[in-house]
Amino acid sequence: MASELVQSAEVQQLLDRVAGLDVAGGDPRKKAIMRRIVGEIFAIIDEFDVSEDEFWHALNFLVAGAPELGLWAPGLGIERFLDIRSDLADKARGVEQGTPRTIEGPLYVPGAPLAKGEARLDDGSDKGEVLVMHGQVRDTEGKPVAGAIVDVWHANTKGNYSYFDPSQSAYNYRRRIETDAEGRYRFRSIVPSGYAVPPGGTTERMLHAIGRHGNRPAHVHFFVSAPGHRHLTTQINIAGDPFLHDDFAYATRDELIPDVTRQEDPAAIHAAGLNEPYSEIAFDFVLGKAGSEAEEGLSTRPRVAAIA
Ligand code: FE
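Residues numbered from 1 in each chain as written. Predicted model: local features only at pLDDT ≥ 70, side-chain atom pairs only at ≥ 80, totals over all residues. Heavy atoms only, no water.

(A) Structural view of the coordination of the iron ion. Coordination of the iron ion by the protein is provided by Tyr-161 (OH), Tyr-195 (OH), His-219 (NE2) and His-221 (NE2), with metal-donor distances spanning 1.9 to 2.1 Å. Here the donor residues for the iron ion map to a single chain with the spacing Y-x33-Y-x23-H-x1-H. Within this pair, whereas Tyr-195 is found in strand β7 (residues 195–196), its partner His-221 is found in strand β9 (residues 219–225), the two being separated by 26 residues in sequence. The exposure class of His-221 is buried, given its relative accessible area of 1%. (Donors = N, O, S within 2.8 Å, 3.2 Å for Na, K, Ca; no water. Helix = DSSP H or I, 4+ residues; strand = E, 2+ residues; numbered from the N terminus. Buried < 20%, exposed > 50% of the residue type's maximum accessible area, 1.4 Å probe, protein only.)

This is the structure we're talking about:
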């Protein structure tokens, strides 16, 4: 997008100075990135003939959007792009990935209650359909991983997450489940609903301006971790959701859409300790081998603090 004006000696010299290239201090990589960012803004202003008014309104929109930047990142495909790069880097290194990664999103809360083998995630206040999900954590050689931590979080039937929705109890739909000796985990919860970005917020306004929507299909988030194994950040989607393949955050992956079985057989319902038909998902996680200690841990992305 080479703009003649941006390429001119005067503007190039301005960019050098803006990026601190004419002074000794500072970090060279940051100087290079800054020069590129500002240069691209200059080029966009020139190519699209952005007026002064438009520029200042855009800057103000960015300032107003600060609390929602965690949604801009998935909505603008940046979180997906980071995953695409990580997948390619794995491939180039010949690393066996196991269960595919997909985006974390901005709604994780650390420190959820820890349970052994199985847990109930919901506090019973949302009368949505019961979801029973279970499976095994294995390594890429097919061996069960005992003591793995399945850290799960999802929304309620209104599409809201506890903590961010203060009307819910602490850690509702959030648990850490330690796998048993066979690497198995199991939980009871409710089938979550999909959700949209906050109505009237900057993410929605931005997406509407370019003809897009801000909806996500129903999904369940997971971190799965165990010593010696690569930390996995992923989600499963609830099959049948109208936005399954139209996720504003681009997180849906074919390998992450398990079948949902509706259990209507009275014997099965009774065996599950329930009185009504429920949905069941079986899903196994496969963890890659960690090449370093850093790969075992969660990324250092800033997150909210655990609830005291
Ligand atoms: Fe989510």
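(B) Inspection of the packing of aromatic side chains at higher detail. Per the stated rule, a full pass over the model turns up twelve aromatic pairs. Measuring from centroid to centroid gives 6.4 Å for Phe-187 and Phe-222, while their planes differ by 45°, and the two rings are tilted. In this pair, Phe-187 sits in strand β6 (residues 184–190) while Phe-222 sits in strand β9, placing the two residues 35 residues apart along the sequence. (Phe/Tyr/Trp six-rings, centres within 6.5 Å; stacked < 30°, edge-to-face > 60°.)

(C) Quick look at the sheet that holds strand β10 (residues 232–237). As summarised here, the arrangement of the five strands in space is β1-β5-β4-β9-β10, forming an open sheet in which the pairing is mixed. Edge strands, defined here as strands with exactly one partner in the open sheet, are β1 (114–116) and β10. Pairwise comparison of adjacent strand axes, ignoring direction, gives a mean angle of 25° for this sheet. (Pairing = 2+ DSSP bridges. Axes fitted to C-alpha atoms, helices over the stretch in contact; angles between N-to-C directions.)

(D) Molecular detail of the side chain of Gln-168. Relative to the helices and strands, Gln-168 is located in the loop between β4 (149–154) and β5 (174–178). Polar side-chain contacts of Gln-168 include one of 3.1 Å to the backbone oxygen of Asn-160. In this structure the side chain of Gln-168 is engaged in a polar contact, spanning 2.9 Å, whose partner is the side chain of Asp-165. If near-sequence neighbours (up to four positions away) are discounted, Gln-168 is found in contact with Asn-156, Asn-160, Tyr-161, Ser-162 and Tyr-173. (Polar contact = N/O pair within 3.5 Å; in protein donor to acceptor, adjacent residues only side chain to side chain. Contact = heavy atoms within 4.5 Å.)

(E) Just the pattern of salt bridges, in detail. Considering all chains together, one arrives at 17 salt bridges under this definition. Between Lys-116 and Glu-178 there is a salt bridge, with the nearest N and O atoms lying 3.3 Å from each other. With Lys-116 in strand β1 and Glu-178 in strand β5, this pair connects stretches of sequence that are 62 residues apart. Classification of Glu-178 as partly exposed rests on a relative accessible area of 21%. The partner of Glu-129 in a salt bridge is Arg-262, and the shortest N-O contact between them spans 2.8 Å. Of this pair, Glu-129 sits in the loop between β2 (118–120) and β3 (130–139) while Arg-262 sits in strand β11 (residues 261–263), placing them 133 residues apart in sequence. By relative accessible area, Arg-262 is classed as partly exposed at 42%. (Salt bridge = Lys/Arg side-chain N within 4 Å of Asp/Glu carboxyl O.)

(F) Here's a closer look at the pairing of β4. In terms of burial, β4 is largely enclosed, as five of its six residues are buried. Bridging between β4 and β5 involves five bridges; their strand directions are antiparallel. Bridged to Ile-149 within β5 is Glu-178. Two elements, β4 and β9, share six bridges in a ladder whose sense is antiparallel. By the bridge assignment for β9, His-154 is matched with Val-220.

(G) How the structure looks around the nonpolar core. Of all hydrophobic cores here, the largest spans 27 residues; its most connected members are Phe-187, Phe-222 and Phe-285. Beyond its immediate chain neighbours, meaning those up to four positions away, Phe-187 contacts Ala-119, Leu-121, Leu-131, Val-132, Met-133, Val-152, Ile-177 and Phe-222. (Core = buried A, V, L, I, M, F, W, Y, C linked by side-chain atoms within 4.5 Å.)

(H) Focus on the packing of helix α2 (residues 9–18) against helix α3 (residues 28–47). The interhelical angle for the contact between α2 and α3, taken along N-to-C directions, is 140°, at an axis separation of 9 Å. One finds that α2 runs oblique with respect to α3. Crossing angle aside, the handedness with which α2 passes α3 is right-handed. In contact with Val-11, Gln-12, Leu-14, Leu-15, Asp-16 and Val-18 of α2, α3 contributes Arg-35, Val-38, Gly-39 and Phe-42. Class assignment of the residues belonging to the contact of α2 with α3 gives a composition of six nonpolar, two polar and two charged. (Parallel < 35°, antiparallel > 145°, perpendicular 65-115°, else oblique. Left-handed = near helix turned anticlockwise from the far one by under 90°. Nonpolar A, V, L, I, M, F, W, Y, C, P; charged D, E, K, R; others polar.)

(I) View of a nonpolar patch on the surface. Where nonpolar side chains cluster on the molecular surface, the patch consists of Ile-33, Ile-37, Ile-41, Ile-45, Phe-55, Trp-56, Leu-59, Leu-62, Val-63 and Leu-69 and spans about 850 Å² of accessible area. If you list the elements that add at least two residues to the nonpolar patch, you get α3 and α4 (52–64). Considering every element that reaches the nonpolar patch, the biggest residue donor is α4, with five residues. Within the fold, Ile-45 resides in helix α3. (Patch = residues over 30% accessible without salt bridge, like charges linked within 9 Å, V, L, I, M, F, W, Y side chains within 5 Å. Areas by Shrake-Rupley, 256 points an atom, 1.4 Å probe, with all protein chains shown as cover.)

(J) Spatial organisation of α3. For α3, with 20 residues, the first-to-last C-alpha span of 28 Å sits near the 28 Å given by 1.5 Å per residue. Within the sequence span of α3, burial applies to Lys-31, Val-38, Gly-39 and Ala-43. Taken around the axis of α3, the buried residues stretch over an arc of 145°, which confines them to a single face. Among the exposed residues of α3, those pointing more than 90 degrees away from its buried face are Arg-29, Lys-30 and Arg-36. For α3, the elements touching its buried residues are α1 (4–7) and α2. Of the residues trailing α3, Asp-49 is marked for its positive phi of about 50°. (Expected span 1.5 Å × (residues − 1). Arc of directions from axis to C-beta.)

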